[in-house]
Amino acid sequence: MTTLILDLDELELDSGARVAAKVDELRALAAGRRVVLRNCPQMLAHTLYKAGLLRRGDLVLESTREEEPYG
């Protein structure tokens, strides 16, 4: 199985629709390979976890970004 490493440090997800689209994109990328996510935005990491997509092992969360709360 090949491994793809993605650094998501520059990724900005400003809406739920964009998070959902990125989840779909990552799911497609992980078909037949392992995808390692670095510097993953917290909301995306949470969504992947809640959807159970990190359990199978084809999507691996290596690190999340420390993000400042808005307010």
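See the structure shown above.
(A) Here's a closer look at the pairing of strand 1 (residues 2-7). For strand 1 and strand 2 (residues 33-38), the ladder comprises 6 bridges, and the chain directions are parallel. When the sheet's bridge partners are listed, Asp7 is paired in strand 2 with Arg38. Note on the crossover from strand 1 through helix 1 (residues 16-29) to strand 2: the handedness is right-handed.

(B) Structural view of helix 2 (residues 42-50). All buried positions along helix 2 are accounted for by Leu44, Ala45 and Leu48. Along the axis of helix 2, the buried positions cluster into a sector of 100 degrees, meaning they face one direction only. Exposed residues on helix 2 whose side chains face more than 90 degrees from its buried face are Met43, Tyr49 and Lys50. Looking at the packing, one finds that the buried side of helix 2 touches helix 1, strand 2 and strand 3 (59-61). Once helix 2 finishes, Gly52 follows within two positions and takes phi at roughly 75 degrees, a positive value.

(C) Spotlight on the nonpolar core. Ranked by internal contacts, the top residues of the largest apolar core, which has 15 residues, are Leu8, Leu26, Leu37, Leu44, Leu48 and Leu59. Elements supplying a minimum of two residues to this core: helix 1, strand 2 and helix 2. Leu26 has contacts with Leu6, Leu37, Leu44, Leu48 and Leu59, leaving out every residue within four places of it along the chain.

(D) Expanded view of the sheet that holds strand 1. Across the sheet, which stays open at both edges, the 3 strands sit in the order 1-2-3 with parallel pairing between neighbours. Edge positions in the sheet fall to strand 1 and strand 3, since each has one partner strand and no second. Adjacent strand axes in the sheet meet at a mean angle of 20 degrees when their direction is disregarded.

(E) Expanded view of the pattern of salt bridges. Scanning the entire structure with this criterion turns up 4 salt bridges. The salt bridge partner of Arg18 is Asp14, with a shortest N-O separation of 3.5 Å.

(F) Examining a negative patch on the surface more closely. Among the surface-exposed residues, Asp7, Asp9, Glu10 and Glu12 lie close enough to one another that they form a single negatively charged patch. By secondary structure assignment, the location of Asp7 is in strand 1.

About the cut-offs
Residues numbered from 1 in each chain as written. Predicted model: local features only at pLDDT ≥ 70, side-chain atom pairs only at ≥ 80, totals over all residues. Heavy atoms only, no water. Pairing = 2+ DSSP bridges. Helix = DSSP H or I, 4+ residues; strand = E, 2+ residues; numbered from the N terminus. Right-handed = clockwise from strand over helix to strand, strands pointing away. Buried < 20%, exposed > 50% of the residue type's maximum accessible area, 1.4 Å probe, protein only. Arc of directions from axis to C-beta. Contact = heavy atoms within 4.5 Å. Core = buried A, V, L, I, M, F, W, Y, C linked by side-chain atoms within 4.5 Å. Axes fitted to C-alpha atoms, helices over the stretch in contact; angles between N-to-C directions. Salt bridge = Lys/Arg side-chain N within 4 Å of Asp/Glu carboxyl O. Patch = residues over 30% accessible without salt bridge, like charges linked within 9 Å, V, L, I, M, F, W, Y side chains within 5 Å. Areas by Shrake-Rupley, 256 points an atom, 1.4 Å probe, with all protein chains shown as cover. Lys, Arg positive; Asp, Glu negative; His and termini not counted. Charge placed at Lys NZ, Arg CZ, Asp CG, Glu CD.

Taken by themselves, the reported measurements are silent on function.
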